[in-house]
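Below are the chains, spelled out letter by letter.
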Amino acid sequence: MKKDFSEKNKKIKEAMKATHTRRQVQACRVFTLKINQKKLSLKQREALKMIFVEGKWLRNAIIAWTKESEDNKPWEYDGNLKSVPVKLRDGSYEQRELRYLAMQMRQSVLAEVIHNIKGLSAAKKKGRKVGALRFTSELKSLNLKQFGMSHKFKSKHRMKLRNIPGTVYVSGVGQIPGGCEIANAKLLNTPRGYYIAITCFIDKEIVEQKEMHYEIQGEIGIDMGRTTSVTLSTGEKINVQIEETGHLKRLQMKLARQTKGSNNWKKTKHLIEKEYQKLKAKRNDAGNKLVHDLLRYERIYMQDENLRDWHNKKVQNSCLGRVKAKLSGHPRVVMLPRTAATTKTCVCGYKQPMHLWDRTFRCEVCGYTDDRDIHAAKNMIRLGHQYQVGLGRTDFKLVEKE
Ligand SMILES: [Zn+2]
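It should be emphasised that the depicted structure is a prediction, and the values quoted were computed from it without experimental measurement.

Novice: Help me get a handle on the sheet that holds strand E8 (residues 181–190), residues and values and all.
Specialist: Ordered in space as E4-E8-E9-E1-E7-E6-E5, the seven strands form an open sheet in which the pairing is antiparallel. Edge strands, defined here as strands with exactly one partner in the open sheet, are strand E4 (141–144) and strand E5 (151–153). When strand polarity is set aside, the average angle formed by the axes of neighbouring strands in this sheet is 35°. Pairing analysis gives eight bridges linking E8 to strand E9 (residues 193–203), with the strands arranged antiparallel. By the bridge assignment for E9, Ile182 is matched with Cys200.

Encoded structure:
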């Protein structure tokens, strides 16, 4: 018996080592698939709903147990329990069976609580004010830990999920490139429905080929502004604002009229969340497209603006935050410091004072004139060159311009 055990451990170790070796030449990507609600059977609907309800019961039971006594450490909680106490409206408890939540999911709920508690105590040690871990009213995600066991593809668009009867129809599989290795996933519960965020490992070579297939162009400077969202050094102005819809505004007005906490209030609140998610998806989509477009350039110059300080509705409605987040840290992007005088500096080197409302740059010394934003975008490149030299970063070729 003992021999069997060591044999098994050895196999696990070897498998882990092999995985580690493979990961070094692989890149990690996460793809989100949507579960088609309309094609779900009644039983499947019930199972999906209950998985998250039971996950919530378990999470709250663990939190309640740790609150009972100082000695109750979450990592000592018995994750094998088949039922948990659930607090009812009148304050009493009822023992409820966990029928849909698979063993691995229970363990992942427990792991999440442990992770949260450790995070809180780490923040406390740093001197931040933290409260206790709160009870959850709705669980938003659950882990599907092992591809092939907790989740697998049954056909091109059908997936089998652990403890959900039959197979579910998913859309978005087309994003996953062929030949990649599928790993763990997350089952997401959102106001817009259920999703599966699936982690894949792809050969780095394939990723590069896929991301480099378009023609690379020279250099570009980007100015992010308060009035027009993005100005390029080529003179192109791109407005990347996605406004709140009239429907959303009407819902917000409705919510204000309703009694806080009532059932109708909750319904409206849910609809508002759904609208916000739609908006977010639209903004993300616009941001991704712009980033993809900009990455055709071999070198991208931009300034490390503090977008959060721009308390401006137009900026908040845009996808600038996402664009900046995706570009900063990219190997082909040069981020100029916040202090670089990209608006004031003239081609002759003179620093011309500028008011916020001056829309045209006009140099007092040499008479050079240009549109304010385009001038700033061009300056990103000019000052970017100096900045790079200052940093000693000359390891890449700069494109000559006439
Ligand atoms: Zn000048």
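Novice: How would you summarise the coordination of the zinc ion if you had to cite specific residues and measurements?
Specialist: Taken together, Cys346 (SG), Cys348 (SG), Cys363 (SG) and Cys366 (SG) make up the full set of protein donors to the zinc ion, lying 2.2 to 2.3 Å away. Around the zinc ion sit four donor atoms, and with donor-metal-donor angles ranging over 105 to 117° the site reads as tetrahedral. Each donor residue of the zinc ion lies on the same chain, and together they follow the pattern C-x1-C-x14-C-x2-C. Taken as a pair, Cys348 in the loop between strand E14 (333–336) and strand E15 (360–362) and Cys366 in the loop between E15 and strand E16 (369–371) lie far apart in primary sequence, 18 residues in all. Exposure remark for Cys348: the relative accessible area of 41% places this residue in the partly exposed category. Cys366 sits in the partly exposed class, given a relative accessible area of 42%.

Novice: Describe the confidence of the model for the protein chain, with residues and values.
Specialist: With 90% of its residues at a pLDDT of at least 70, the protein chain reaches an overall mean of 84. For the stretch residues 390–402, pLDDT sits under 50, and the model shows 14 contacts to residues farther than four places along the chain or on other chains.

What counts, and at which threshold
Residues numbered from 1 in each chain as written. Predicted model: local features only at pLDDT ≥ 70, side-chain atom pairs only at ≥ 80, totals over all residues. Heavy atoms only, no water. Pairing = 2+ DSSP bridges. Helix = DSSP H or I, 4+ residues; strand = E, 2+ residues; numbered from the N terminus. Axes fitted to C-alpha atoms, helices over the stretch in contact; angles between N-to-C directions. Donors = N, O, S within 2.8 Å, 3.2 Å for Na, K, Ca; no water. Tetrahedral: all angles 85-135°; square planar, octahedral: opposite > 155°, others 65-115°. Buried < 20%, exposed > 50% of the residue type's maximum accessible area, 1.4 Å probe, protein only. pLDDT = per-residue confidence, 0-100. Contact = heavy atoms within 4.5 Å.

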